[in-house]
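Observations on chain architecture
One-letter residues, chain by chain:
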Amino acid sequence: MPQQAASCSFDFLSALEVPGRLHPSALGLGSLVRRSVSARRHQAFKRVGRGRSRDLTGSQAASMSAEDRRNLHAFRDYVTKTLDPTYILSYMAPWFKDGYSGLHEAIETWDFQKIESLEEYRILLKRLQPEFKTTVNPKEILPKISECLISQECEEIIQVCSNKGLMAGAEKMVECLLRSDKENWPKTLELALEIDENKFSQLWIVDKDAKNAESKVLEDDEIETSDIQIFYKEEPECQNLSQNLSPPSAPPTCTPLKPRNYQLELALPAKEGKNTIICAPTGCGKTFISLLICEHHLKKFPQGQKGKVVFFAIQLPVYEQQKSVFSKYFEKLGYKVAGVSGATSENILVEQIVENNDIIIITPQILVNNLRNGTIPSLSVFTLMIFDECHNTGKHHPYNMIMFNYLDQKLGDSSDPLPQVIGLTASVGIGDAKNTMEAMEYICKLCASLDTSVIATVKDNLEELEEIVYKPQKFFRKVESRTTDRFKCIISQLMRETESLAKNIFDELGTVTLESVSQIQNRNFGTQKYEQWIVSVQKACMVFQLPDKDEESRICKALYLYTSHLRKYNDALIINEHARMKDALDYLKDFFTDVRAAGFDEIEQHLTQRFEENLKELESVSMDPSNENPKLQDLSFILQEEYHLNPESRTILFVKTRALVDALKKWIEENSELSFLKPGILTGRGKTNHNTGMTLPAQKCALDAFRTDGDKKILIATSVADEGIDIAQCNLVILYEYVGNVIRMIQTRGRGRARGSKCFLLTSNADVIEKEKINIYKENMMNDSILRLQTWDEAVFKEKVLQIQIKEKLIRDSQGKVEPVPDKDNKKLLCRKCKGFACYTADIRVVEDCHYTVVGDAFRKCYVSKLHPKPKSFGHFEKRAKIFCARQNCSLDWGIHVKYKTFEIPVIKIESFVVEDITTGAQKLYAKWKDFPFEKRSFDATEMSE
């Protein structure tokens, strides 16, 4: 800090005539100003003290003790009641001028407009902070934005990077930027990110309109609302709207040109007004085909009449992408396009969006909700409905809920017109069909669900299609596992010991036992079946009962701990099987580090001690070169061979679990022969409260980096990318111990788009190869079934579809007549982990149809709260904190604490509790509130006030 500034600060303090040498931090300027008699001065100073007090004297602030701060806080009010800020302003102005030029200018001119204009960028940066700290290297960015910070802040950021790591440094950088009073800091940051080619720049958009659109992407899996799945889906196929592909570094252009013949062939039945399923390979331009169909549909109406199109996108990213593509295409033609998704529906009136626009892009659950509550009276408001990924139309999927409404209208007495229906998919699937006849029946049921009479595929223009969409060659590679595995032996022994400890608990209880635990032996460690067994044990323990409730709680908590450790050991064995021993051991070491940092009771201490007793040998075997995994050797060989043949290859490596994604990324980065690949990763979001998975912005950054960064040659992904990547340059797909159903096979294979693409299935399990061969057989069966159905007379096909619809409606109606009767008996909610009492159902209230709170003071004593790591607002709710079971050594996540309008209330999730019948003592688990048939009472503001 300049000496002059420090001197001014202490001259200012000497004028206070307060005993002792006061530190400027004592001012609490925010509080001081709030008590100022001058309203004008109050407004001018309102922002001065916000988060700044500790910086007023530079390094001396850091030397203040905690006791000093407490003392200053204690007599702060005397200072704020006594001082007029205008008398001391002149002493502080030189210091502000040197360190905070923007604030100095505002104080001098009494104009805070420039500083106020920065607030929206502060809000955006706060929201994006989790992504900032994981994607931005503060050391690389700092020199380019140093002019926006004071020198002490720059030094502190560098120091934090050195002492605590880059992520902590990035957090510190965000903290400093949030305080910056420099008018140009948002733009400077944007330019720095672009120069550094940082993918965070995709989110940090200084343009106001674009930024507002980005900032609407909110994330929260903690509150149960509508069941909207969020995955990555293929990018709208812009390359098919333009003859010339954009280079990797340029944004895709969607300039519509003359459609290809196969696209016209696929669109023809729909243009003729027929309800159609368009089944065509990924990458052929189905988005463009839907644009052609929409345009033809809207133009066919005579003067005085108008069409109205609704396009359904299951996943939020697809919704955003399609909304952008449709807007660019149709707004030039004079049509109005709008969108509604789960992220925006709280703040807009859906019926007005539908009424005032020609094309509506929407996530299907939103329409289901509005049909259910009557906001949208009927599907007759639309003239065309397009279902993206229409093969999902089945069971309780939102697509099927919409079509139930449609079919009830079709088969009922209504004379209102029904909209035309179009479905888009790369594979209709065949379900569990064993032969062609069963496959045809399955496809007919899908057509009946969508009321379609035509399945459109490319037949006349196959050669043209094959020139555009390349089907990769498929290769199967059977590799060997380790012949000896000391790591597995040690971990297996630890698992047997842990199992024995779990079983001993029930042996102590004599005749009381659990069926799942009695089958504890003879299970294969390191398998998904073992994981399933762990889940079944934990569920059984959650409803386990004893007369002595304290003993019951002890039992349940102990079993929860034992099974949690068994699960981690099982995960480590899976990593060891498919990756390096070192990665498996690191996974366990991280877990036990977290265990030690938490409650760490006697059981955890014992389990940790047993692990540490074996740690030296585990480290020894994991570092032994002779224990290298043969699977990795084969994977390395494939990658080296393919990049030797084509150095510009682009690879997607599919694996089963997030832990494997991380392990294989580390392996590639630390492998001198493969590190040039610079791997990126793409995993699902998972559950926020479990802190797993990637955020939506992180997924976007990863995907964009793989698309545009030529240095990133491989993307390691879980199933989230099955339907999520559309990259024309990708020419190598590797399925690493990865197999699914026929739809998944077609989707994953479709990620390889470039000419000469290859798809490798690499596994040590012959059954996996056999399953994939069965999928290929099923794909051929599906194609054959479609061809047979296409030979049917259309009238015959329509009659077949109608008969299926009538039969399914009879079943649906018979099931629907039995309305579940709410159970009016009062019940208990117990913590699912420790079985401690939480509340009675009589105290539960429903807020806005889908959120559940508990009234009364008693419940507040049952939980503790911690500030939420991602506070945000949605609708009338302001999420502030997370709540946890207050019982010692439990701390199970129960939900969140919110401000709802003027009320501070908890919002709980049923999955955290066991429901106990007060009379019988029987206990049940529920995954969702809608499955719990208790008498639900609405939240009443009057009741809360009383």
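Residues numbered from 1 in each chain as written. Predicted model: local features only at pLDDT ≥ 70, side-chain atom pairs only at ≥ 80, totals over all residues. Heavy atoms only, no water.

1. Some remarks on the overall build of the protein
Along the protein, the regular secondary structure elements total 37 helices and 24 strands. Residue pairs at least 24 apart in sequence account for 72% of intrachain contacts in the protein once pairs closer than 6 positions are excluded. Entry remark: accessible area of the protein is about 44,200 Å², with carbon and sulfur atoms responsible for 49%. (Helix = DSSP H or I, 4+ residues; strand = E, 2+ residues; numbered from the N terminus. Contact = heavy atoms within 4.5 Å. Areas by Shrake-Rupley, 256 points an atom, 1.4 Å probe, with all protein chains shown as cover.)

2. Quick look at the pattern of salt bridges
A side chain with one charge can pair with a side chain of the opposite charge if their charged atoms come near. This model, assessed by the stated rule, comprises 42 salt bridges. Here the salt bridges do not stand alone but share partners, grouping Arg580, Lys582, Asp583, Asp586, Lys666 and Glu670 into one network. (Salt bridge = Lys/Arg side-chain N within 4 Å of Asp/Glu carboxyl O.)

3. A word on the sheet that holds strand 14 (residues 827-831)
As summarised here, the arrangement of the four strands in space is 15-14-22-23, forming an open sheet in which the pairing is antiparallel. Whereas interior strands pair on both sides, the edge strands pair on one side only; in this sheet they are strand 15 (837-840) and strand 23 (923-924). (Pairing = 2+ DSSP bridges.)

4. Topic: the environment of valine 801
Turning to its location among the elements, valine 801 is positioned in helix 35 (residues 794-816). Distance in space between the C-alpha atoms of valine 801 and serine 453 is 7.5 Å, their sequence separation being 348 residues. With residues near it in sequence (within four places) discarded, valine 801 still touches Cys444, Cys447, Ala448, Asp451 and Thr452.

5. Side note on the sheet that holds strand 8 (residues 473-478)
Pairing in this open sheet of six strands is parallel, and the strands run 8-13-12-9-11-10 from one edge to the other. Either end of the sheet is taken by a strand with one partner, and the two such strands are strand 8 and strand 10 (680-682). Going from strand to strand, the sheet's axes swing by 20 degrees on average, the running direction of each strand aside. Pairing analysis gives three bridges linking strand 10 to strand 11 (residues 714-717), with the strands arranged parallel. Across the sheet, the residue bridging to leucine 682 is alanine 717, located in strand 11. (Axes fitted to C-alpha atoms, helices over the stretch in contact; angles between N-to-C directions.)

6. What to know about unusual backbone geometry
The backbone of aspartate 451 sits at a positive phi, close to 55 degrees, despite the residue not being glycine. With respect to the secondary-structure elements, aspartate 451 resides in the loop between helix 22 (436-450) and strand 7 (454-456). Taking the relative accessible area as the measure of exposure, aspartate 451 reaches 11% and is therefore buried. Even without glycine at this site, lysine 678 takes up a positive phi of about 45 degrees. (Buried < 20%, exposed > 50% of the residue type's maximum accessible area, 1.4 Å probe, protein only.)

7. Some thoughts on the packing of helix 28 (residues 581-597) against helix 31 (residues 658-669)
Where helix 28 meets helix 31, the axes come as close as 10 Å, and the angle between the chain directions of the two elements is 125 degrees. With respect to their mutual orientation, helix 28 and helix 31 come out oblique. Read as a crossing pair, helix 28 and helix 31 show a hand that is right-handed. Each of Lys582, Asp583, Asp586 and Tyr587 in helix 28 lies in contact with helix 31, whose residues at this interface are Ala659, Ala663 and Lys666. Residue composition of the contact of helix 28 with helix 31, grouped by class: three nonpolar, no polar and four charged. (Parallel < 35°, antiparallel > 145°, perpendicular 65-115°, else oblique. Left-handed = near helix turned anticlockwise from the far one by under 90°. Nonpolar A, V, L, I, M, F, W, Y, C, P; charged D, E, K, R; others polar.)

8. Description of helix 34 (residues 766-790)
Look at helix 34: 37 Å from first C-alpha to last across 25 residues, which is about the 36 Å you get at 1.5 Å a residue. Among the residues of helix 34, the N-terminal cap falls to asparagine 765, whose side-chain oxygen and the backbone nitrogen of aspartate 767 are separated by 2.9 Å. (Expected span 1.5 Å × (residues − 1). Polar contact = N/O pair within 3.5 Å; in protein donor to acceptor, adjacent residues only side chain to side chain.)

9. A look at the pairing of strand 13 (residues 758-763)
Remark: a regular strand shows side chains that alternate across the two faces of the sheet. Most of strand 13 is tucked away, with six of its six residues classed as buried. Residues Lys758, Phe760 and Leu762 point to one face of strand 13 and Cys759, Leu761 and Thr763 to the other, with burial holding for every one of them. In this structure, strand 12 (residues 732-736) lies alongside strand 13, joined through five bridges in parallel fashion. Residue tyrosine 736 lies in a different strand from strand 13, and its bridge partner there is leucine 762.

10. Let's talk about the nonpolar core
If you look at the biggest cluster of nonpolar residues, it comprises 82 residues, and the most contacted ones within it are Phe487, Ile491, Phe611, Leu639, Leu653 and Leu664. Considering each element in turn, this core owes the most residues, 11 residues, to helix 27 (residues 549-578). Those residues within four positions of isoleucine 491 in sequence are excluded, and the remaining contacts are Tyr569, Leu573, Leu588 and Leu618. Formed by 47 residues, the second largest nonpolar core is a distinct cluster that contains Val310, Ile353, Ile360 and Met782. (Core = buried A, V, L, I, M, F, W, Y, C linked by side-chain atoms within 4.5 Å.)

11. Looking at the packing of aromatic side chains
Evaluated as defined, the whole model comprises 28 aromatic pairs. On the basis of an interplanar angle of 20 degrees and a centroid distance of 4.9 Å, the ring pair of phenylalanine 475 and phenylalanine 760 is categorised as stacked. A residue pair is termed long-range when its members are at least 10 positions apart, and phenylalanine 475 in strand 8 and phenylalanine 760 in strand 13 qualify at 285 residues. Overall, phenylalanine 475 belongs to the partly exposed group, its relative accessible area being 28%. In this structure phenylalanine 760 comes out as buried when scored by relative accessible area, which is 6%. Look at tyrosine 926 and phenylalanine 932: their rings are 4.7 Å apart centre to centre, the planes differ by 25 degrees, and that puts the pair in the stacked class. As far as burial versus exposure is concerned, tyrosine 926 and phenylalanine 932 are alike and both buried. Here the basic side chain of lysine 300 rests over the ring of phenylalanine 301, its NZ or CZ set 5.9 Å away from the ring centre. Seen from the ring of phenylalanine 476, lysine 773 lies directly overhead, with NZ or CZ sitting 5.6 Å from the centre. (Phe/Tyr/Trp six-rings, centres within 6.5 Å; stacked < 30°, edge-to-face > 60°. Lys NZ or Arg CZ within 6 Å of the ring centre and 35° of its normal.)

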